[in-house]
Amino acid sequence: MLTRRGFAGVGFAALAGRMLPEAAYAQRAAIQGKLPADMVWLNANENPDGPPRSSIEAMTKVLPEGGRYHYQEFRDFYETLARSEDLAPEQILVGAGSSEVLHAAIDAFTSPTCPLITVAPTYEGPVELARRGLGRNVVQVTLEPPYVPDVKKLVAEADKAGGGVIYLCNPNNPTSSVTPKKDLAWMVDNLPPKTMLLIDEAYSHFADTPDFESALGYVRQGKNVVVTRTFSKIYGMAGLRAGFGCASPELIARMAPFRNNVISIVTERAVLAALAESKILIPERRAKFIRVRRELCDWLRDRAVPYIEPQGNFMMIDVGRDAREFISAMPLKGVAVGRPFPPLNNFLRVTIGTDSDMAKFREVFWSVYKS
Ligand SMILES: Cc1ncc(COP(=O)(O)O)c(C=O)c1O
């Protein structure tokens, strides 16, 4: 059986060329040794609440019908999903997690002469796929405090290359900081020719600042922008693998050949059930996350521990020394935390979990911090 621990030994070289989800990257924290049975997993930006009850019921109901492909349902599925974002079905592409859609975008829009341009650190998936999987040139502009992307530099790099894909994760993983909406607007207005803006909004539901604005408005205006969204985070369906991309019909048509297939009917039904109650579900879950996140920020501030103001379901804490010390010590005391994110070597990424998860995090974190 492949356990969370066992997976660490698989090795990433064998998987190069495919875009891995967060959980696979999380294994880089190389959790070793005998782990406590009641381990708290705050290492992969997952949602401890899991899928809503309505989704579980819908999945249970469709399981006996799993012998059929159910392809005929997918037209309606696309319509419902597109409508939920005020888009047309031709403006979306569904994938096994947003990983698959990001993969399709990078396949479709980078080339030997069109690099991937992004910040550092950011979500490794697109960077590794482009560099190691496809052999593309990758240009990374280092994030400086307050960890807001320098959009002028990103655009200048695209201009210098004669076009490319600018990938921005907003809010950014791992810094949990946002690209302010005025900077996003400037970038859209100043995109060089042959340049595509790929905005990864995996964590958009957790942002709580007037500086944040979804880039979906630019998709609706037909700009050269692709937005990716996922059901892995606020919807709590990371293991079910569903996400989607939003763009003009022309851009979607260019990405579609790189997508694998339809998603599982089980996941499709789970998504439909969750969408049906999203107007209540999302605000409820969002409010809870924001409260738990705020409580952790207050606790750190009271102890004069610096952190980056968080806008995702995770945050970066400045531990004042190499964070790898925490990454290896904390699991042995029952709390798994994020992997290293160079060049921010003194920062520890922690996912926001339940109240009891965070109580345990505080206890274990403090014992390592004070040692
Ligand atoms: C920024 C970002 N984008 C995309 C993904 C991919 O997630 P999924 O494929 O589960 O939608 C992740 C995973 O955590 C992520 O952190």
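Provided above is the structure to which this section pertains.
Here's a quick rundown of the structure. Chains are numbered independently. Their residues run from 1 in the order of the written sequence. In keeping with the predicted nature of the model, local features appear solely for residues at pLDDT of at least 70, side-chain atom pairs appear and are counted solely at 80 or more, and the whole-chain, interface and lining totals rest on all residues. The side-chain quantities take in all heavy atoms of the structure and omit both hydrogens and water.

**Comments concerning the pattern of salt bridges**
Okay, step 1: The salt bridge definition used is simple: a Lys or Arg side-chain nitrogen within 4 Å of an Asp or Glu carboxyl oxygen. What the rule picks out here adds up to 16 salt bridges.
Okay, step 2: The partner of Glu73 in a salt bridge is Arg269, with the nearest N and O atoms 2.6 Å apart. Highlighted residues: Glu73 in the loop between helix 3 (53–62) and helix 4 (74–84) and Arg269 in helix 11 (residues 265–276), separated in sequence by 196 residues.
Okay, step 3: The closest approach of N and O atoms between Asp322 and Arg324, which form a salt bridge, is 2.6 Å.
Okay, step 4: One continuous salt-bridge network, built from bridges that share partners, spans Glu73, Glu268 and Arg269. Each helix is a run of H or I in the DSSP string that is no shorter than four residues. Each strand is a run of E no shorter than two, and both are numbered from the N terminus.

**Topic: helix 4**
Okay, step 1: For helix 4, the full list of buried residues reads Phe74, Phe77, Tyr78, Leu81 and Ala82. Taken end-on, helix 4 shows its buried residues confined to a sector of 125 degrees, consistent with a single buried face. Across from the buried face of helix 4, at angles greater than 90 degrees, the exposed residues are Arg75 and Arg83.
Okay, step 2: Residues are treated as being in contact if the distance between any of their heavy atoms lies within 4.5 Å. Contacts from the buried residues of helix 4 go to strand 2 (92–95), strand 8 (243–246) and helix 11. A simple rule labels every residue: compare its accessible area, found with a 1.4 Å probe on the protein chains alone, to the largest value its type can have, and call it buried under 20%, exposed over 50%, or partly exposed in between. It is the directions from the helix axis to the C-beta atoms that the arc portrays.

**Let's talk about the side chain of Ser177**
Okay, step 1: When you line up the elements, Ser177 lands in the loop between strand 5 (164–169) and helix 8 (181–189).
Okay, step 2: Here a polar contact is taken to be a pair of N or O atoms separated by no more than 3.5 Å, where protein atoms must pair a possible hydrogen donor with a possible acceptor and residues adjacent in sequence count only if both atoms sit in side chains. Side-chain polar atoms of Ser177 contact the side chain of Thr175, separated by 2.8 Å.
Okay, step 3: In this structure Ser177 touches Pro146, Tyr147, Asn170, Pro171 and Asn172, once residues within four positions along its chain are discounted.

**Examining the site of the ligand**
Okay, step 1: Here a residue is near a molecule or strand as soon as one of its heavy atoms is found within 4 Å of it. Inspection of the region around the ligand gives 15 residues, with Ser99, Asp200, Tyr203, Thr230 and Ser232 positioned closest.
Okay, step 2: At four residues, helix 5 (residues 97–109) tops the list of elements feeding residues into the shell around the ligand.
Okay, step 3: Charged means Asp, Glu, Lys or Arg here, nonpolar means Ala, Val, Leu, Ile, Met, Phe, Trp, Tyr, Cys or Pro, and polar covers whatever is left, Gly included. Broken down by class, the residue content of the shell around the ligand amounts to five nonpolar, six polar and four charged.

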